[in-house]
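Geometric and topological summary
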Amino acid sequence: MTTRRIWINARLACEARLQQIETEGGKITAIGPDLSQAGAEVVDLGGRLVLPSFVDCHTHLVFGGDRTGEFEMRLEGADYQDIARAGGGIKASMRFTRERDVDQLVAEALPRLDALLAEGTSTIEIKSGYGLDIESELKMLRAAKRLAELRPFRLRTTWLAAHALPPEYAGDKAGYIREVAIAGLEAAQAEGLVDAVDGFCEGIAFSAEELEPLFARAGELGLPVKLHTEQLTRSGGTLMAARHGALSVDHFEYATEEDVAAIAASGTVAVLLPGAYYTLNEVQKPPVAALRAAGVPMALATDCNPGTSPLTSLLMTMNMGAVLWGMTVAECLDAVTTHGARALGLGDVTGRLAPGLSADFTVWDAERPAQLVGRIGLNPMHMRVFEGAVTHG
Ligand code: NIG
Ligand code: FE
């Protein structure tokens with residue numbers, strides 16, 4: 001038998017009057033000012049702010065090792081793309097990740113995961129992409145699956161073998177896409193390890209043309225696609241991703257008007273990643289005003305990774321979206337809830353407070369969302385509820 005609970009004295013972001021939330025069987029079953037409490041367990045939220053749990057829709061949370069040495073090199077004036085071409089960057093993480101087994105990857109990822117959960121995140125996407133051979137890529141996703149057994153959150157896994165070209169395929173990008181990215185994807189799907197397919201479309205990684213066969217195969221396998229694109233240059237990946245009906249295009253700083261129009265038409269979410277923009281000291285901002293004008297849903301995510309975005313805070317991510325790019329408080333909040341969920345194909349599952357959706361919400365020692373977005377370094381989370389059960393607080 002599942003417990004019916006009424007969570008009373010909830011301050012919902014857009015409502016003056018305190019509300020009540022009824023949950024049963026892991027789902028929200030009703031929201032209203034005066035629900036029947038007969039036979040229900042009552043939890044008093046004390047007039048605190050209640051929000052949908054956060055969704056971190058773009059992370060590289062599982063990886064081995066540390067690249068803060070590159071951080072120090074960049075402080076001395078080195079450039080991210082030069083470090084990558086010299087065998088650092090993603091390939092440095094590849095060497096560390098290949099050396100580790102699943103248990104070690106899990107142990108290294110857990111503190112990062114716990115930091116996200118402690119700030120109210122209940123749905124997290126985790127990508128492969130630091131193994132760059134079939135077995136190491138599968139190992140990363142097995143580690144991600146293990147994390148979801150160890151902690152209460154909803155996991156979405158993404159196959160990102162097309163993240164960089166490993167040394168053993170130097171000069172043969174097409175061979176790598178065919179023999180590792182596509183063949184490995186088939187193995188990952190057979191093992192139930194993959195929910196979506198991603199790639200890195202950039203001069204230092206793969207072109208849209210090179211990624212096309214991978215996306216075509218993903219389509220045949222019934223898997224949705226998403227793409228790192230227009231991050232450091234305008235690579236043209238957005239148009240290809242939109243043609244494949246991508247769930248999201250991610251980074252998007254160098255996107256053009258044509259790119260914005262294409263994703264407006266394809267219903268693709270723009271996932272903006274201010275942690276990487278900030279860490280790399282970029283100056284090219286994503287076209288927030290054009291996205292807003294075109295009605296394209298904007299998500300924000302940590303992009304948690306060992307190089308360009310060593311960030312494990314969605315509160316900080318929202319603050320960056322607002323301060324660096326002029327997103328409003330409401331846009332920042334939607335970006336880490338309903339739009340983040342859409343970027344994972346979970347728009348009807350989580351990210352909003354409505355009957356029928358999963359009972360994933362957070363309770364804050366705050367009165368208004370602006371107090372979460374506008375302050376830096378404070379975590380006023382009082383409680384996290386995942387699938388109707390209290391996990392923090
Ligand atoms: O999203 N852009 C490509 N990949 C990752 C991380 C790259 C890295 O490890 O340096 C990103 O920024
Ligand atoms: Fe990324």
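Residues numbered from 1 in each chain as written. Chains lettered and ligands numbered in written order. Predicted model: local features only at pLDDT ≥ 70, side-chain atom pairs only at ≥ 80, totals over all residues. Heavy atoms only, no water.

Section: the state of the cysteines
Note on terminology: a disulfide is the covalent bond linking the sulfur atoms of two cysteines. Put simply, the rule reads: Defined by distance alone, a disulfide is two cysteine sulfur atoms within 2.5 Å.
Tallied over the full model, the rule gives zero disulfides. Of all cysteine sulfurs, the one in Cys57 lies closest to Cys332, which takes part in no disulfide; the gap is 13 Å.

Observations concerning the sheet that holds strand E8 (residues 196–201)
Note the following rule: Any two strands with at least two DSSP bridges between them are considered paired. Helix and strand definitions follow DSSP, with helices as H or I runs of at least four residues and strands as E runs of at least two, each counted in order from the N terminus. What counts as an axis is a line fitted to C-alpha atoms, over the stretch in contact for a helix, and the angles between N-to-C directions run from 0 to 180 degrees. We call two residues in contact whenever any of their non-hydrogen atoms come within 4.5 Å of each other.
Reading across the sheet, the eight strands line up as E5-E6-E7-E8-E9-E10-E11-E12 and stay open at both edges, with parallel pairing between neighbours. Pairing within the sheet leaves two strands with one partner each, and these edge strands are strand E5 (54–56) and strand E12 (298–300). Here the average twist between neighbouring strands, direction ignored, is 25°. Both strand E7 (residues 154–162) and E8 contribute to a ladder of three bridges, which runs parallel. Bridge pairing in E8 links Thr158 to Ala196. Each of E7 and E8 is contacted by helix H6 (residues 173–190), which is oriented at about 155° to E7, the strand it contacts most.

Quick look at the UniProt feature "binding site: Fe(3+)" (unreviewed entry) in the chain
What counts here: UniProt positions are given in the numbering used here, feature names are shortened, and annotations may be inferred rather than shown by experiment. N or O atoms within 3.5 Å of each other form a polar contact, as long as, within protein, one can give a hydrogen and the other can take it, and as long as residues adjacent in sequence are counted only when both atoms are side-chain atoms.
In this numbering, the UniProt entry assigns the feature "binding site: Fe(3+)" (unreviewed entry) to His58, His60, His228 and Asp303. With the annotated positions falling across 246 residues, the maximum pairwise C-alpha distance of 12.2 Å places them together in a single cluster. Checked against the element boundaries, His58 lands in the loop between E5 and helix H1 (68–75). A distance of 3.3 Å separates the side chain of His58 from the side chain of His60, its partner in a polar contact. Here His228 shows up in strand E9 (residues 226–229). Residue contacts for His228: discarding those within four places in its chain leaves His58, His60, Lys127, Leu160, Asp198, Gly199, Phe200, Cys201, Asp250 and His251. In terms of polar contacts, His228 uses its side chain to reach the side chain of His60, at 3.3 Å.

Re the site of ligand 1
Here is the rule we go by: Nearness of a residue to a molecule or strand requires only that one of the residue's heavy atoms be within 4 Å of it. Areas reported here follow the Shrake-Rupley algorithm with a probe of radius 1.4 Å; residue values treat only the protein chains shown as occluding. All amino acids are sorted into three groups, where Ala, Val, Leu, Ile, Met, Phe, Trp, Tyr, Cys and Pro are nonpolar, Asp, Glu, Lys and Arg are charged, and the leftover types, Gly among them, are polar.
In the region of ligand 1, 14 residues are neighbours, and Arg67, Tyr80, Tyr130, His163 and Thr308 sit closest. Within the side chain of Tyr130, an N or O atom sits 2.6 Å from an oxygen atom of ligand 1. In the environment of ligand 1, a nitrogen atom lies 2.8 Å from a nitrogen or oxygen atom belonging to the side chain of His163. About the coverage of ligand 1: the protein hides 100% of its 330 Å² of free accessible area. A breakdown of the residues in the shell around ligand 1 according to their chemical character gives four nonpolar, eight polar and two charged.

Observations concerning the pairing of E9
The two faces of a sheet get side chains in turn, since along a regular strand they alternate between them. Convention followed: Throughout this description, buried means an accessible area under 20% of the type-specific maximum (1.4 Å probe, protein chains only), exposed means over 50%, and partly exposed covers the range between. With strands facing away from the observer, any crossover in which the path from the first strand over the helix to the second runs clockwise is taken as right-handed.
Of the two faces of E9, the one carrying Lys226 and His228 and the one carrying Leu227 and Thr229 are both buried. When E8 meets E9, the two strands line up parallel, connected through two bridges. Looking across to E9, one finds that Cys201 is bridged to Thr229. Between the parallel elements E8 and E9, the chain passes through helix H7 (residues 208–220) in a crossover that is right-handed. Crossover handedness for the path E9 to helix H8 (residues 237–243) to strand E10 (residues 248–251): right-handed.

A look at the nonpolar core
The test is simple: The set of buried Ala, Val, Leu, Ile, Met, Phe, Trp, Tyr and Cys residues whose side-chain atoms join them within 4.5 Å is what this entry labels a nonpolar core.
Residues Leu147, Leu214 and Leu272 are the most contacted members of the largest nonpolar core, which totals 93 residues. When residues of this core are assigned to their parent elements, the largest contribution, eight residues, is made by helix H4 (residues 102–118). Excluding its chain neighbours within four sequence positions, the residues that come into contact with Leu214 are Ala162, Ile177, Ala181, Ile182, Leu185, Val197 and Asp198. In terms of nonpolar packing, the next biggest core, distinct from the first, is built from 13 residues, Ala10, Val43, Ala359 and Val385 among them.

Examining the sheet that holds strand E4 (residues 41–52)
The strand order across the open sheet built from seven strands is E3-E2-E1-E4-E13-E14-E15, with neighbouring strands paired in mixed fashion. The open sheet terminates on both sides in strands that have one partner only, identified here as strand E3 (27–32) and strand E15 (389–392). Pairs of neighbouring strands in the sheet enclose a mean axial angle of 40°, with direction left out of account. The pairing of E4 with strand E13 (residues 361–364) spans four bridges and is classified as antiparallel. Within E13, the position partnered with Leu49 by the bridge is Trp364.

Points about unusual backbone geometry
A positive phi angle, close to 60°, is found at Leu132, a residue other than glycine. Position of Leu132 among the secondary structure elements: in the loop between strand E6 (121–127) and helix H5 (134–150). Overall, Leu132 belongs to the buried group, its relative accessible area being 0%. The phi dihedral of Glu387 falls on the positive side, at around 50°, and the residue is not glycine. Within the secondary structure, Glu387 is located in the loop between strand E14 (381–386) and E15.

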